[in-house]
Amino acid sequence: QVQLVESGGGLVQTGGSLRLSCAASGIRFSTATMGWYRQAPGKQREFVARITTGGSTMYADAVKGRFTISRDNDKNTVYLQMNTLKPEDTAVYYCNAITWRGDGYWGQGTQVTVSS
């Protein structure tokens, strides 16, 4: 059974930082592309960041220079370091895994709220 468990969300003031974690089980983590998405109230889920098995990263324009995605294959965990947070970053953040077979999985989400 595949599980992606996010943690690290919370309430932070504008300009603050948070680090999200996503612990994966039930997949061959080192062979999966991992990503973060977010969904704000009333909006569609949107891409935030992605890291490949080789460590290549990609970011949405809205978070470039502020967010950093990383992975620890020994811990089966992907991280999202979020700095200089803005109120528009408020959303539920979801972890995503794409296995080498092309199967996709989602976590349950973690709430991030940035107060102005």
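Structure: see above.
Here is what the cut-offs are and how they apply
- Residues numbered from 1 in each chain as written.
- Predicted model: local features only at pLDDT ≥ 70, side-chain atom pairs only at ≥ 80, totals over all residues.
- Heavy atoms only, no water.
- Salt bridge = Lys/Arg side-chain N within 4 Å of Asp/Glu carboxyl O.
- Helix = DSSP H or I, 4+ residues; strand = E, 2+ residues; numbered from the N terminus.
- Buried < 20%, exposed > 50% of the residue type's maximum accessible area, 1.4 Å probe, protein only.
- Pairing = 2+ DSSP bridges.
- Phe/Tyr/Trp six-rings, centres within 6.5 Å; stacked < 30°, edge-to-face > 60°.
- Lys NZ or Arg CZ within 6 Å of the ring centre and 35° of its normal.
- Contact = heavy atoms within 4.5 Å.

Caption draft 1: Quick look at the pattern of salt bridges. Taken as a whole and assessed by the stated rule, the structure comprises 5 salt bridges. In this structure, K64 and D61 form a salt bridge, with 3.2 Å as the shortest nitrogen-oxygen distance. In this structure, R66 and D89 form a salt bridge, with 2.8 Å as the shortest nitrogen-oxygen distance. With R66 in the loop between β6 (57-59) and β7 (67-72) and D89 in the loop between β8 (77-82) and β9 (91-98), this pair connects stretches of sequence that are 23 residues apart. Comparing R66 with D89 shows no difference in burial state: the two are buried.

Caption draft 2: Structural context of the pairing of strand β1 (residues 3-7). Residues of β1 alternate between two faces, with L4 and E6 buried on one and Q3, V5 and S7 left unburied on the opposite face. The pairing of β1 with strand β3 (residues 18-25) spans 5 bridges and is antiparallel. Across the sheet, V5 pairs through a bridge with A23, a residue of β3.

Caption draft 3: Here's a closer look at the environment of K75. When you line up the elements, K75 lands in the loop between β7 and β8. Along the primary structure K75 and T99 are separated by 24 residues, whereas in three dimensions their C-alpha atoms are 17 Å apart.

Caption draft 4: Just the environment of D89, in detail. By relative accessible area, which is 1% here, D89 ends up buried. Sequence separation of D89 and V63 is 26 residues, and the distance between their C-alpha atoms is 8.7 Å.

Caption draft 5: Seen up close, the packing of aromatic side chains. Applying the stated criterion across every chain, the model contains 2 aromatic pairs. With a centroid separation of 5.6 Å and 75° between ring planes, the pair formed by Y37 and F47 is classed as edge-to-face. Of this pair, Y37 sits in strand β4 (residues 33-39) while F47 sits in strand β5 (residues 46-51), and the two are 10 residues apart along the sequence. Through pairs of rings, three or more aromatic residues link up here, namely Y37, F47 and W106. R45 extends its terminal NZ or CZ atom over the ring of Y94, reaching a point 3.7 Å from the ring centre. Against the face of W106 rests R45, its NZ or CZ located 4.5 Å from the ring centre.

Caption draft 6: Spotlight on the environment of M82. Within the secondary structure, M82 sits in strand β8. Counting along the chain gives 62 residues from M82 to L20, while the straight-line C-alpha distance between them is 7.9 Å. If we skip the residues at most four places from it in the chain, M82 touches G16, S17, L18, L20, R66, F67, Y93 and V112.

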